[in-house]
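# Residue-level structure breakdown
The lines below spell out each chain.
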Amino acid sequence: MSVLTQATTDGLVMAKRNLIKVKRIPDLLIFTTIQPVMFVLLFAYVFGGAIHPPGVNYREFLMAGIFTQTVAFGSAITAIGLADDIQKGIIDRFRSLPMARSAVLVGRTTSDLFNNVVVMVVMSLCGLIVGWRIHRGVGYALLAYVVMFAFAFALSWVSATIGLTVRSVEVAQSAGFIWLFPVTFLSNAFVPTGTLPGWLQGVANWNPVSAVVAAARELFGNTGVVEKHRPWPMTHPVITALGWSALLLLVFIPLSVRKYRAAAAR
């Protein structure tokens, strides 16, 4: 068996192990799903009447932002899961087995991606109920989901690095979420970037979350009135979003593997 084949096989086994845990403790998935549904209902019915993006219904404008926020927040589970395994000594047991060193990380990020897929199905149904619609066909819609899941997978590796750096589950829970709030809210997820102060607009336009949201809106057909003079990331959101995902993977996969070796040796 080649090294790549063994790593893939072992990673799938670890992913199955994590998914079995969700099956036995369904509360993990239930409460992960409830939070984004509450965000949809709150923004659609509480704030929706006060926010009017040009040329598009706010509920259609909102859903791409909620989708992206949901997969971003879902990636924080990776940090919590890895920190929990380290604290309980499970990582030490895995190290004693004849398995690929990358299997724990691949399995963790893959299983968390699957959880995101399940949550996104529920979110899409919720969006359809509140008035969200897809206007560009199934093919473009599937590409939008691919862009968002690629970003979710990349963020899981960022969270893996965090989970392997901290020394307790409690710290991992805080550290895994705290940086996501400014990243998601300083973007075009909930309001057009043109409504932000001038110095924040540049930050928001180059924010990877903004690129993913803009790509999803474009592919779903929820853009509304398009500004004439837009920065490059907003003019080419799909390329920018995929580029950000690739860059995060290139940086954080080797970094998390290094952290894993160091954490397992502690």
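Overview of the structure.

Reading the values: rules and limits
Residues numbered from 1 in each chain as written. Predicted model: local features only at pLDDT ≥ 70, side-chain atom pairs only at ≥ 80, totals over all residues. Heavy atoms only, no water. Buried < 20%, exposed > 50% of the residue type's maximum accessible area, 1.4 Å probe, protein only. Helix = DSSP H or I, 4+ residues; strand = E, 2+ residues; numbered from the N terminus. Arc of directions from axis to C-beta. Contact = heavy atoms within 4.5 Å. Axes fitted to C-alpha atoms, helices over the stretch in contact; angles between N-to-C directions. Parallel < 35°, antiparallel > 145°, perpendicular 65-115°, else oblique. Left-handed = near helix turned anticlockwise from the far one by under 90°. Nonpolar A, V, L, I, M, F, W, Y, C, P; charged D, E, K, R; others polar. Phe/Tyr/Trp six-rings, centres within 6.5 Å; stacked < 30°, edge-to-face > 60°. Lys NZ or Arg CZ within 6 Å of the ring centre and 35° of its normal.

### Section: helix α8 (residues 169-178)
Those residues of α8 that fall on the buried side of the exposure criterion are V169, A172 and G176. In a view along the axis of α8, the buried residues occupy a sector of 50°, so they form one face of it. Opposite its buried face, α8 presents the exposed residues E170 and I178, each directed more than 90 degrees away. Along its buried surface, α8 packs onto α4 (76-87), α7 (138-165) and α9 (180-185).

### A short note on the packing of α4 against helix α6 (residues 103-130)
Packing of α4 against α6 leaves a shortest axis separation of 9 Å and a crossing angle of 140°. With respect to α6, the element α4 is oriented oblique. Classified by chirality, the crossing of α6 by α4 is right-handed. Contact residues: I77, T78, G81 and L82 in α4; V104, L105, R108, T109 and D112 in α6. Grouping the amino acids of the contact of α4 with α6 by side-chain chemistry returns four nonpolar, three polar and two charged.

### What about the packing of aromatic side chains?
For any two aromatic rings, the description comes down to two numbers: the centre-to-centre distance and the angle of the planes. Summed over all chains, the structure comprises 14 aromatic pairs. Arranged with centres 4.6 Å apart and planes meeting at 15°, the rings of F43 and F190 form a pair that is stacked. Placement of the pair is F43 in helix α2 (residues 27-47) and F190 in the loop between α9 and α10 (198-205), with a sequence separation of 147 residues. With relative accessibility at 5%, the residue F190 sits in the buried group. Arranged with centres 6.2 Å apart and planes meeting at 50°, the rings of F67 and Y145 form a pair that is tilted. Taken together, the positions of F67 in helix α3 (residues 58-74) and Y145 in helix α7 put the pair 78 residues apart, joining distant regions of the chain. The structure contains a cluster of three or more aromatic residues connected by ring pairs, namely F39, F43, F73, F177, F181, F185 and F190. Above the plane of the ring of Y140 lies R136, whose end atom (NZ or CZ) is 3.8 Å from the centre. Against the face of F61 rests R217, its NZ or CZ located 3.5 Å from the ring centre.

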